[in-house]
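# Coordinate inspection notes
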Amino acid sequence: MVRGYWIVRVDVSDPEAYGRYAKANGAAFAKFGGRFLVRGGGFESVAGTARARNVVLEFPSYEAALACWNSDLYQEARALQGGTEAEIIVIEGYDGPQPGATEVPPTANTPASE
């Protein structure tokens, strides 16, 4: 089964409200099997516009990631958040072939990925 992820980019203007949210959201994450892969930490923006804080959560499935977002438990925690501006996506993971020695390199007619 393909895992699901939340990718969150956020600017926090009210640290106290964000702290209340952070204390309350753990119950929802635990209920749906979420775990932090990235939670703040240092970063370097190499393209595009950055936000001050970045978070990546992993869930056992895409369905679990969506169910967590839509749950009353998470929405109650989210209501405490206040003072933030964010982009949040829930996305399906990839479980296919990975780059390696047997991969055919891109040709001039094949767009390269960033």
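Residues numbered from 1 in each chain as written. Predicted model: local features only at pLDDT ≥ 70, side-chain atom pairs only at ≥ 80, totals over all residues. Heavy atoms only, no water.

### Quick look at the overall build of the chain
- Secondary structure assignment for the chain yields three helices and four strands.
- Taken from N to C terminus, the helices and strands of the chain fall in the order β-α-β-β-α-α-β.
- Summed over its atoms, the accessible surface of the chain is roughly 7,800 Å², and 53% of this surface lies on carbon and sulfur atoms. (Helix = DSSP H or I, 4+ residues; strand = E, 2+ residues; numbered from the N terminus. Areas by Shrake-Rupley, 256 points an atom, 1.4 Å probe, with all protein chains shown as cover.)

### Some thoughts on the nonpolar core
- Among the nonpolar cores identified, the biggest contains 17 residues, and Trp6, Tyr21, Phe29, Leu57, Phe59, Cys68 and Tyr74 are the most heavily contacted of them.
- Of all the secondary-structure elements, those providing two or more residues to this core are strand E1 (4–12), helix H1 (15–31), strand E3 (53–59), helix H2 (62–70) and helix H3 (72–78).
- Beyond its immediate stretch of four places on either side in the chain, Phe59 contacts Arg3, Gly4, Trp6, Phe29, Phe32, Gly33, Gly34, Ala64, Ala65 and Cys68. (Core = buried A, V, L, I, M, F, W, Y, C linked by side-chain atoms within 4.5 Å. Buried < 20%, exposed > 50% of the residue type's maximum accessible area, 1.4 Å probe, protein only. Contact = heavy atoms within 4.5 Å.)

### Observations regarding the packing of aromatic side chains
- Enumeration according to the criterion identifies nine aromatic pairs in this entry.
- Taking 5.5 Å as the distance between ring centres and 75 degrees as the angle between the ring planes, the aromatic pair formed by Trp6 and Trp69 counts as edge-to-face. Of this pair, Trp6 sits in strand E1 while Trp69 sits in helix H2, and the two are 63 residues apart along the sequence. Of the two residues, Trp6 and Trp69, neither departs from the other in class, the shared state being buried.
- Among the aromatic residues, those joined into a ring-pair cluster are Trp6, Tyr18, Tyr21, Phe29, Phe36, Phe59, Trp69 and Tyr74.
- For Arg39, the ring lying beneath its charged end belongs to Phe36, and the centroid distance is 4.2 Å. (Phe/Tyr/Trp six-rings, centres within 6.5 Å; stacked < 30°, edge-to-face > 60°. Lys NZ or Arg CZ within 6 Å of the ring centre and 35° of its normal.)

### What about the sheet that holds strand E2 (residues 35–39)?
- An order of E2-E3-E1-E4 is seen for the four strands of this open sheet, with the pairing classed as antiparallel. For this open sheet the edge positions go to E2 and strand E4 (84–92), each flanked by a neighbour on one side alone. Averaged over all neighbouring strand pairs, the angle between strand axes comes to 15 degrees, with direction disregarded.
- Where E1 lies against E4, nine bridges are found, and the strand directions are antiparallel. Across the sheet, the residue bridging to Trp6 is Val90, located in E4. (Pairing = 2+ DSSP bridges. Axes fitted to C-alpha atoms, helices over the stretch in contact; angles between N-to-C directions.)

### A closer look at the side chain of Glu58
- Here Glu58 lies in strand E3.
- Look at Glu58 and you get buried, because its relative accessible area is 9%.
- Here Tyr5 takes part through its side chain, which lies 2.9 Å from a polar atom of the side chain of Glu58.
- Not counting the four nearest positions on each side in its chain, Glu58 is found in contact with Arg3, Gly4, Tyr5, Gly33, Gly34, Arg35 and Leu37. (Polar contact = N/O pair within 3.5 Å; in protein donor to acceptor, adjacent residues only side chain to side chain.)

### What about the confidence of the model for the chain?
- With 89% of its residues at a pLDDT of 70 or more, the chain shows a mean pLDDT of 91.
- Mean pLDDT values for the elements of the chain range from 95 in H1 up to 98 in H2. (pLDDT = per-residue confidence, 0-100.)

### Re H1
- An ideal rise of 1.5 Å per residue puts 24 Å on 17 residues; H1 measures up with 25 Å between its terminal C-alpha atoms.
- At Asn25, H1 shows its strongest bend, of approximately 30 degrees.
- Those residues of H1 that sit buried are Ala17, Tyr18, Tyr21, Asn25, Ala28 and Phe29.
- Residues of H1 that are buried sit in contact with E1, E2, E3, H2, H3 and E4.
- At the exit of H1 stands Gly33, carrying a positive phi of roughly 80 degrees. (Expected span 1.5 Å × (residues − 1). Bend = angle between axes of the 7 residues up to and from the residue.)

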